[in-house]
Amino acid sequence: REPQLLTLNNLENPQTGYTTPRDLTERISSLIMATSKFPQELRERATRLAVEARRDPATRSGAIARIAGQTGLGEETLRNWVRKAEDADLPVESVDAAVQIRQLQAENRELRRSNEILRSATAFFAKAEFDRPQK
């Protein structure tokens, strides 16, 4: 979909033929919403990073400017997103923390089990190497 050039001709109300301020506002806001400049994933990630950084007193100072620079966003854009997220008290974690902890614990158990198997295999083959007659 190509962006449309905003002129009075394409903003006229088809019923009345006149352009009212309300028509202009509705038309412009619909065009802005339809052509979002940033992907939703980037918005969520940048907002989450900024909200988390602002919660930590050590990283609070300059958090929005720093994260905006890292993600390539404007400071005011990110500041608006963060303000909306904080005002709405939206959850900033996409995955529940308890679920993530359980997943990491299961992964940790699996890695420990694999590590133990590799240690015992290494010990077995090392012993077999020493028991072999030398030429």
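Scroll up to find the structure.
Presented here is an overview of the structure given in this document. Remember, it's a predicted structure, so these values are computed and weren't measured experimentally. (Residues numbered from 1 in each chain as written. Predicted model: local features only at pLDDT ≥ 70, side-chain atom pairs only at ≥ 80, totals over all residues. Heavy atoms only, no water.)

### Details of the overall build of the protein
The test is simple: Only DSSP runs of H or I covering at least 4 residues are called helices, and only runs of E covering at least 2 are called strands; the numbering of each starts at the N terminus. Note on classification: 1.4 Å probe, protein chains only; a residue is buried when its accessible area is under 20% of the maximum for its type, exposed when over 50%, partly exposed between these limits. Contacts are residue-level and defined by heavy atoms, with any inter-residue pair within 4.5 Å sufficient. Note on areas: Shrake-Rupley, 1.4 Å probe, and residue coverage restricted to the protein chains presented here.
Helix and strand counts for the protein come out as five helices and zero strands. Going from N to C terminus, the protein has its helices and strands arranged as α-α-α-α-α. With 135 residues in all, the protein has 16% of them scored as buried. When contacts within the protein are restricted to residue pairs at least 6 apart in sequence, those whose partners lie at least 24 apart make up 44%. By element, 54% of the accessible surface of the protein is carried by carbon and sulfur atoms, the whole surface being about 11300 Å².

### Topic: the pattern of salt bridges
Short version of the rule: In what follows, salt bridge is the name for a side-chain nitrogen of Lys or Arg lying within 4 Å of a carboxyl oxygen of Asp or Glu.
Applying the stated criterion to the full structure yields four salt bridges. Where Glu76 meets Arg79, a salt bridge forms, and the shortest distance between an N and an O atom there is 2.4 Å. Of the two residues, Glu76 and Arg79 both sit in helix H4 (residues 75-88), three residues apart, roughly one turn of that helix. Take Arg79: its relative accessible area is 26%, and that puts it in the partly exposed class.

### Comments concerning the packing of aromatic side chains
Note the cut-off: Pairing of aromatic side chains requires ring centres within 6.5 Å, counting the rings of Phe and Tyr and the six-membered ring of Trp. Pairs whose planes differ by under 30 degrees are stacked, by over 60 edge-to-face, and all others tilted.
One pass over the full model with this rule turns up two aromatic pairs. Between Phe38 and Trp81, the aromatic rings sit 5.6 Å apart at their centres with planes inclined by 85°, giving edge-to-face as the arrangement. On the criterion of sequence distance, the pair formed by Phe38 in the loop between helix H1 (21-34) and helix H2 (40-55) and Trp81 in helix H4 is long-range, its members being 43 residues apart. By relative accessible area, which is 19% here, Phe38 ends up buried. The class for Trp81 is buried, based on a relative accessible area of 11%.

### Details of the packing of H2 against helix H3 (residues 63-71)
Here is the rule we go by: The convention used is that axes are lines fitted to C-alpha atoms, helices contributing only their stretch in contact, and that angles between N-to-C directions extend from 0 to 180 degrees. In what follows, roughly perpendicular refers to angles from 65 to 115 degrees, roughly parallel to angles under 35, roughly antiparallel to angles over 145, and oblique to any angle outside these ranges. The sense of a crossing depends on the near helix, which, turned anticlockwise from the far helix by less than a right angle, makes the crossing left-handed and, turned clockwise, makes it right-handed.
Look at H2 against H3: their axes get within 9 Å of each other, and the N-to-C directions meet at 150°. As far as their axial angle goes, H3 and H2 are roughly antiparallel. As for the relative orientation of H2 and H3, their crossing is right-handed in sense. Each of Leu42, Ala46, Leu49, Ala50, Ala53 and Arg54 in H2 lies in contact with H3, whose residues at this interface are Ala63, Ile64, Arg66, Ile67 and Thr71.

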